[in-house]
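Listed below, chain by chain, are the residues.
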Amino acid sequence: MVVRFEGTTPKRVPLHGVRLLGVEAIAIDSSRTVWISDRRAGLLRVTRDRLDAVVPSREFGRATTLISDRTGRIWAGSGNRVVVYDHGKLSLLGAADGLRAGQITDVYEDHKGNIWAVGSSGIHKFQNGRFRSLSEHQTLPGRAVFAMREDDFGAWWLATATGVLRLEPEELERALADTGHAIQYRRFDRFDGLPGAITVTKLPMLAR
C-alpha cells in the first residue's frame, strides 16, 4: 500500500498493475516521477495510476534506501552492494568497485552532487566510477554509520551506534585526501537529550 499525505491527512493512492508485497523505500526524481522498491517486485515506477516493473527483485535485491540524484539516476543500498539504475542501464557496485564488505544502510547526494554510501563498514564516496573509503584507522566510533546528511551550512551529521556526530564542512574531504588526518567531530548522545540507542533497525535516521 502507498499513502500520500495531503497536508496532515493520509490518503491511500490507488495503483494498478504490479501487486505490492512489501514497500521498502520510495524516491521521487527531478521530473516528479515516483519510484518504489518492493521486496517481491523489485524496482517499480509509478506512471499515472499504474505500477510498472523496471528491475526484478532477483537483480535489484532488497533496498534499505532509495534515492534519485539530480541527473535522474536511481541509487539503492541493497545488502552489501549499491545498485544504480541509470535510464535503462543497471549497475551493481560491490567490493570490486571499492566498497568494503558490510551492509549499506544509506545513500546520499550532497550539495555538490557527490554520491556517498554508508553502512556497517563506514563511509564511502563515489568518484570516477568507483567508491573511495576512509582508511581503517580513520573509522568513527563503532565504525558503522547508519545515515548521513549535510546541513545548509555544509556540516555533516552522521547517525552512529554511539550517537549523532557532527563534522565540520570539508572534514570528510580532508580525511579522504589525507589518510593521516584524524577526523574531528562533536558527538550528541543521551547526555544531550537523545533518547535511546541508534541501531540499524531504526532506519531512516536523519532527515532535513
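Every value quoted in this text rests on a predicted model; they were computed, and no experiment measured them. (Residues numbered from 1 in each chain as written. Predicted model: local features only at pLDDT ≥ 70, side-chain atom pairs only at ≥ 80, totals over all residues. Heavy atoms only, no water.)

Okay, empty space enclosed by the protein next. Enumeration over the complete set of coordinates arrives at one cavity of 30 Å³ or more. If you add up the space inside the largest cavity, you get close to 60 Å³. Residues that form the lining of the largest cavity fall into these classes: four nonpolar, four polar and two charged. (1 Å grid on protein atoms, 1.4 Å probe; cavity = no way out; pocket = protein on both sides within 12 Å on 5 of 7 lines; lining within 4 Å. Points joined across faces, edges and corners; volume = space filled by probe spheres on them. Nonpolar A, V, L, I, M, F, W, Y, C, P; charged D, E, K, R; others polar.)

As a further point, take the pairing of strand β7 (residues 50-55). Sheet topology places strand β3 (residues 16-17) next to β7; two bridges connect them, and they run parallel. Residue G17 lies in a different strand from β7, and its bridge partner there is L51. In terms of strand pairing, strand β6 (residues 42-47) meets β7 through five bridges, oriented antiparallel. Its bridge partner lying in β7, T47 is registered against R50. Here β6 folds back onto β7 in antiparallel fashion, the turn holding two residues, of which R48 has a positive phi close to 55 degrees. (Pairing = 2+ DSSP bridges. Helix = DSSP H or I, 4+ residues; strand = E, 2+ residues; numbered from the N terminus.)

Scored by pLDDT, the chain comes out at a mean of 90, with 93% of its residues at no less than 70. No element of the chain has a lower mean pLDDT than β3, at 86, and none a higher one than strand β10 (residues 81-86), at 98. (pLDDT = per-residue confidence, 0-100.)

Strands pair in a sheet through their backbones, by hydrogen bonds, and they do so in one of two ways: parallel or antiparallel. Read from one edge of the open sheet, four strands run β16-β17-β18-β19, paired in antiparallel fashion. Of all the strands in the sheet, the pair left with one neighbour each is β16 (145-150) and β19 (186-188). Between one strand and the next, the sheet's axes are offset by a mean angle of 20 degrees, whatever the strand orientation. As paired elements, strand β17 (residues 156-160) and strand β18 (residues 163-167) share five bridges and run antiparallel to each other. Looking across to β18, one finds that L158 is bridged to L165. (Axes fitted to C-alpha atoms, helices over the stretch in contact; angles between N-to-C directions.)

The next point concerns the environment of I115. Its location among the elements puts I115 in strand β13 (residues 115-119). Note: C-alpha distance between I115 and A27 (88 residues apart in sequence) is 15 Å. Each residue touching I115, except ones within four places of it in the same chain, is listed here: I67, D69, W75, V107, Y108, E109, H124, K125 and F126. (Contact = heavy atoms within 4.5 Å.)

What follows covers the nonpolar core. Grouped together as the largest cluster of nonpolar side chains are 16 residues, with contacts concentrated most on I123, M148, L158 and L172. Looking at this core, the elements that each hand over two or more residues are β13, β16, β17, β18 and α2 (171-177). The element contributing the most residues to this core is α2, with three residues. For I123, the contacting residues outside a window of four places in its chain are W116, A117, V118, R132, S133, L134, L140, V145, L158 and L172. (Core = buried A, V, L, I, M, F, W, Y, C linked by side-chain atoms within 4.5 Å. Buried < 20%, exposed > 50% of the residue type's maximum accessible area, 1.4 Å probe, protein only.)

A separate point is the layout of surface pockets. As a volume, the second largest pocket reaches approximately 250 Å³. Considering the residues around the second largest pocket, the lining is formed by V2, V3, R4, V13, L15, I26, A27, I28, R32, V34, V46 and R48. Of all elements in the fold, only β1 (3-6) and β4 (23-28) reach the threshold of two or more residues within the lining of the second largest pocket. Of all the elements, β4 adds the most residues to the lining of the second largest pocket, at three residues. Residues that form the lining of the second largest pocket fall into these classes: nine nonpolar, no polar and three charged.

Relative to the helices and strands, H181 is located in the loop between α2 and β19. Sequence separation of H181 and H137 is 44 residues, and the distance between their C-alpha atoms is 9.4 Å. Excluding residues that lie within four positions of it along the chain, H181 makes contacts with Q138, E171, R174 and A175.

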